[in-house]
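# Overview (structure and organization)
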Amino acid sequence: MKNQFINHKKILVAVIALLAVTATVVIYIQLVGIGVLAVSDASDGKVYGMYPVRVGDTFSIGFIHSVNKSPLIDYYEIKADGIYVEKTVYYGFGAGVQTELSEGEKLEYGQDGSMIVSGFDKKIPDLTYFVGTVSDHTLRINEGKDISLRDLCGRNSRVRFSYMKWKFF
């Protein structure tokens with residue numbers, strides 16, 4: 001009988017501890033929020049996906065350039081106040097591809113023949129892309145797996161990327 005009482009007491013203590021931890025997490029998320037990269041329809045705001053990110057995380061959008069038909073990848077960084085463009089990697093010149101450097105920017109060449117323009121560090125308040133009809137656009141967060149924007153959002157979608165703090169309520 002005494003053993004049974006001790007087991008119930010241990011279970012009660014464990015349940016109370018679990019509830020306390022859960023409440024702490026919920027309160028923290030509600031007060032501070034969890035950083036997310038939100039992918040939404042730029043017209044009506046419909047959310048296609050939300051991906052957890054932290055300040056300092058990076059993501060990229062890759063696609064085949066419509067004019068010169070070569071890959072182009074834009075790299076972004078999450079900062080406390082939003083999304084910043086950091087560099088662009090491309091493999092061929094053509095209309096719509098940067099041909100001149102501004103102050104603070106630099107051009108380097110990758111081992112794979114790519115041209116890397118960096119040094120932007122510019123906040124992008126409204127980051128939108130049109131998802132391709134001929135070739136896909138892909139999202140990659142922190143060098144993870146590629147996410148097809150065509151599969152996620154559909155062809156010809158105008159997609160907005162934003163950094164926000166997600167809360168329960």
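Predicted model only: the values in this text are computed from it and were never measured. Residue positions are given per chain, counting from 1 as you read along its sequence in written order. Local features are withheld for residues below a pLDDT of 70 in this predicted model, meaning they are given only at 70 or higher, and side-chain atom pairs are given and counted only at 80 or more; totals for whole chains, interfaces and linings count all residues. Hydrogens are left out, water is left out, and the side-chain values use all remaining heavy atoms of the structure.

## Structural notes on the overall build of the chain
Going by this rule: The numbering of helices and of strands both runs from the N terminus, where a helix is a DSSP run of H or I of at least 4 residues and a strand a run of E of at least 2. The buried label goes to any residue with under 20% of its type's maximum accessible area, the exposed label to any with over 50%, and the partly exposed label to all in between, with areas taken from a 1.4 Å probe on protein chains only. Every residue pair with non-hydrogen atoms within 4.5 Å of one another is taken to be in contact. Note on areas: Shrake-Rupley with a 1.4 Å probe; residue coverage comes only from the protein chains shown.
Looking only at helices and strands, the chain features two helices and 11 strands. The buried share of the chain, taken over its 169 residues, is 37%. Counting only contacts in the chain whose residues sit at least 6 apart along the sequence, the fraction spanning at least 24 positions is 54%. Accessible surface for the chain amounts to roughly 10700 Å². Of this, 59% is attributable to carbon and sulfur atoms.

## Thoughts on the packing of aromatic side chains
For clarity, the cut-off: Classification of ring pairs rests on two measures: the distance between centres of Phe, Tyr or Trp rings, Trp counted by its six-membered ring, which must be within 6.5 Å, and the angle between planes, read as stacked under 30 degrees, edge-to-face over 60 and tilted in between. Counted as over-ring charges are cases with an Arg CZ or a Lys NZ within 6 Å of the ring centre that also lie within 35 degrees of the ring normal.
Summed over all chains, the structure comprises four aromatic pairs. Aromatic pair phenylalanine 63 and tyrosine 129: ring centres 6.1 Å apart, planes at 65°, arrangement edge-to-face. One end of the pair, phenylalanine 63, is in strand β3 (residues 58-64); the other, tyrosine 129, is in strand β8 (residues 127-130), and 66 residues separate them in sequence. For the pair formed by phenylalanine 63 and tyrosine 129, the shared burial category is buried. Taking the centre distance of 6.0 Å and the plane angle of 90° together, the rings of tyrosine 129 and phenylalanine 161 count as edge-to-face. Placement of the pair is tyrosine 129 in strand β8 and phenylalanine 161 in strand β11 (residues 158-166), with a sequence separation of 32 residues. Phenylalanine 161 matches tyrosine 129 in its accessibility class, with the two residues each being buried. In this structure an aromatic cluster arises from ring pairing among Phe59, Phe63, Tyr76, Tyr129 and Phe161. The ring centre of tyrosine 84 lies 4.6 Å from the NZ or CZ of lysine 79, which sits over that ring. Here the guanidinium or amino end of lysine 87 rests over the ring plane of tyrosine 75, the centre of that ring lying 4.8 Å away.

## Considerations on a nonpolar patch on the surface
Note the following rule: In this scheme, patches are assembled from residues that exceed 30% relative accessible area and form no salt bridge. Like charges are connected within 9 Å, while nonpolar side chains (Val, Leu, Ile, Met, Phe, Trp, Tyr) are connected within 5 Å. Salt bridge, as used here: a side-chain nitrogen of Lys or Arg that lies within 4 Å of a carboxyl oxygen of Asp or Glu.
On the surface, a cluster of nonpolar side chains totalling about 310 Å² of accessible area is made up of Ile34, Val47, Met50 and Trp166. Counting through the fold element by element, valine 47 comes out in strand β2 (residues 47-52).

## Observations regarding the nonpolar core
Note the threshold: Throughout, nonpolar core names a set of buried Ala, Val, Leu, Ile, Met, Phe, Trp, Tyr and Cys residues whose side chains join them through atoms within 4.5 Å.
Grouped together as the largest cluster of nonpolar side chains are 28 residues, with contacts concentrated most on Leu37, Phe59, Ile83, Leu139 and Phe161. Leaving out residues up to four positions away in the same chain, leucine 37 has contacts with Gly49, Met50, Tyr51, Val53, Phe59, Ile78, Ile83, Leu139, Ile141, Phe161 and Ser162.

## A short note on the sheet that holds β11
Rules: Paired strands are those between which DSSP finds at least two bridges. Interaxial angles span 0 to 180 degrees and are taken between N-to-C directions of axes, which are lines fitted to C-alpha atoms, for helices over the stretch in contact.
Spatial ordering of the open sheet is given by β2-β1-β11-β8, a layout of four strands whose pairing is antiparallel. If you trace the sheet from one side to the other, it starts and ends with β2 and β8, each paired once. Averaged over neighbouring strand pairs, the angle between their axes works out to 25° when direction is ignored. Both strand β1 (residues 34-41) and β11 contribute to a ladder of eight bridges, which runs antiparallel. Bridge pairing links isoleucine 34 to tryptophan 166 in β11.

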